[in-house]
Amino acid sequence: MGGPAGMLDSGLPVVVFVLVNSFVNLTWGIAAALVAGAAIAVWRLARRKPVTQAIGGLFGVGIAAFIAYRTGSAKGYFLWGIWTQAAFALAFLISILVRWPLVGVIWESLNGRGTAWRKDRHLMTRYTWATVVWVAIFGGRFALQNWAYGEDAVGWLAFMKIALGYPVFIVGLLVTAIILVAGHGEGSLKDRVRSFARGTH
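Residues numbered from 1 in each chain as written. Predicted model: local features only at pLDDT ≥ 70, side-chain atom pairs only at ≥ 80, totals over all residues. Heavy atoms only, no water.

Per an unreviewed UniProt entry, the chain goes by the name DUF3159 domain-containing protein and belongs to Nakamurella flava.

In structure tokens form, the structure reads like this:
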């Protein structure tokens, strides 16, 4: 996930946008966010990170900046992210309802094991509960940020964007790992979680 550098990559444009918008105006805030996003993209490329990662990060900042410009409001910068969380929550929820829990689909696809796991009742149960975790995470992010959006609380939107980003994502991965390794295999829970983590690299 990029470690501390990844957290900086995702948080810097937000902080720059809010600060410049607060002390100057929206136009300069948008421009500063775009410059920060472009600088991060160049930095990623200089560190020989995947080009898609650099372009993807800049693309996200660009969309957010465009929406802020079109709405003429600083809070518009966060609208794309808010509705992205809603879309993810809905997708994960639907996957549970149709009995194709997305955590299982993603994990088994990454490991090249096909769809045989769907015939295993215990695996289906674990993947379903793991997917529920992500429905709660995405849904919670949407609910909190949508509330702040309705209150025109740009400062809170920036705080939530960062605080509910990587930190919550890491917690979600840990809870997912615990669910998926519970009662599976030999050794202590700590060893099984470590084994799961190695498998995600």
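Still to come is the rest of the account.
The next point concerns the packing of aromatic side chains. Scanning the model with the defined rule gives eleven aromatic pairs in all. Each ring, one from Phe-17 and one from Tyr-77, has its centre 4.2 Å from the other, and the planes form 15°; the classification is stacked. With Phe-17 in helix H1 (residues 3-23) and Tyr-77 in the loop between helix H3 (51-71) and helix H4 (79-97), this pair connects stretches of sequence that are 60 residues apart. Taken individually, Phe-17 and Tyr-77 each receive the classification buried, so the pair is uniform in this respect. Seen from their ring centres, Trp-117 and Tyr-127 are 5.2 Å apart, and the 85° between their planes marks the pair as edge-to-face. Placement of the pair is Trp-117 in the loop between helix H5 (102-110) and helix H6 (121-150) and Tyr-127 in helix H6, with a sequence separation of ten residues. Pair check on accessibility: Trp-117 and Tyr-127 agree, each one buried. Taken together, the ring pairs in this structure connect Phe-88, Phe-92, Trp-134, Phe-138 and Phe-169 into an aromatic cluster. One residue, Lys-75, lies across the ring of Tyr-149, its end atom 4.4 Å from the ring centre. When the ring centre of Trp-100 is taken as origin, the NZ or CZ atom of Arg-118, which lies over that ring, is 3.9 Å away. (Phe/Tyr/Trp six-rings, centres within 6.5 Å; stacked < 30°, edge-to-face > 60°. Helix = DSSP H or I, 4+ residues; strand = E, 2+ residues; numbered from the N terminus. Buried < 20%, exposed > 50% of the residue type's maximum accessible area, 1.4 Å probe, protein only. Lys NZ or Arg CZ within 6 Å of the ring centre and 35° of its normal.)

Let's shift gears to the nonpolar core. With 22 residues, the main nonpolar core has Phe-17, Val-18, Leu-26, Ile-30, Tyr-77, Phe-78 and Leu-157 as its most contacted residues. Among the secondary structure elements, those contributing two or more residues to this core are H1, helix H2 (26-46), H3, H6 and helix H7 (154-163). For Ile-30, the contacting residues outside a window of four places in its chain are Phe-17, Ala-65, Ala-68 and Tyr-69. Counting residues in hydrophobic clusters, the runner-up holds 15 residues, among them Trp-107, Tyr-127, Val-133 and Trp-134. (Core = buried A, V, L, I, M, F, W, Y, C linked by side-chain atoms within 4.5 Å. Contact = heavy atoms within 4.5 Å.)

Right, let's get into the UniProt feature "transmembrane region" (unreviewed entry) in the chain. UniProt marks residues 12-42, 54-71, 77-102, 123-144 and 156-182 with the feature "transmembrane region" (unreviewed entry), using the numbering shown here. Secondary structure across residues 12-42 divides into 94% helix and 0% strand, with the first and last C-alpha atoms of the span separated by 14 Å. Within the segment residues 123-144, helix and strand shares are 100% and 0% respectively, and the terminal C-alpha atoms sit 32 Å apart. (UniProt positions renumbered as here; feature names shortened; annotations may be inferred.)

Using the criterion set out here, one finds one salt bridge in the structure. Between Asp-152 and Lys-75 there is a salt bridge, with its nearest N and O atoms 2.5 Å apart. Residue Asp-152 is found in the loop between H6 and H7, and its partner Lys-75 is found in the loop between H3 and H4; the two are separated by 77 residues along the sequence. According to the relative accessible area criterion, Lys-75 is buried, its value standing at 17%. (Salt bridge = Lys/Arg side-chain N within 4 Å of Asp/Glu carboxyl O.)

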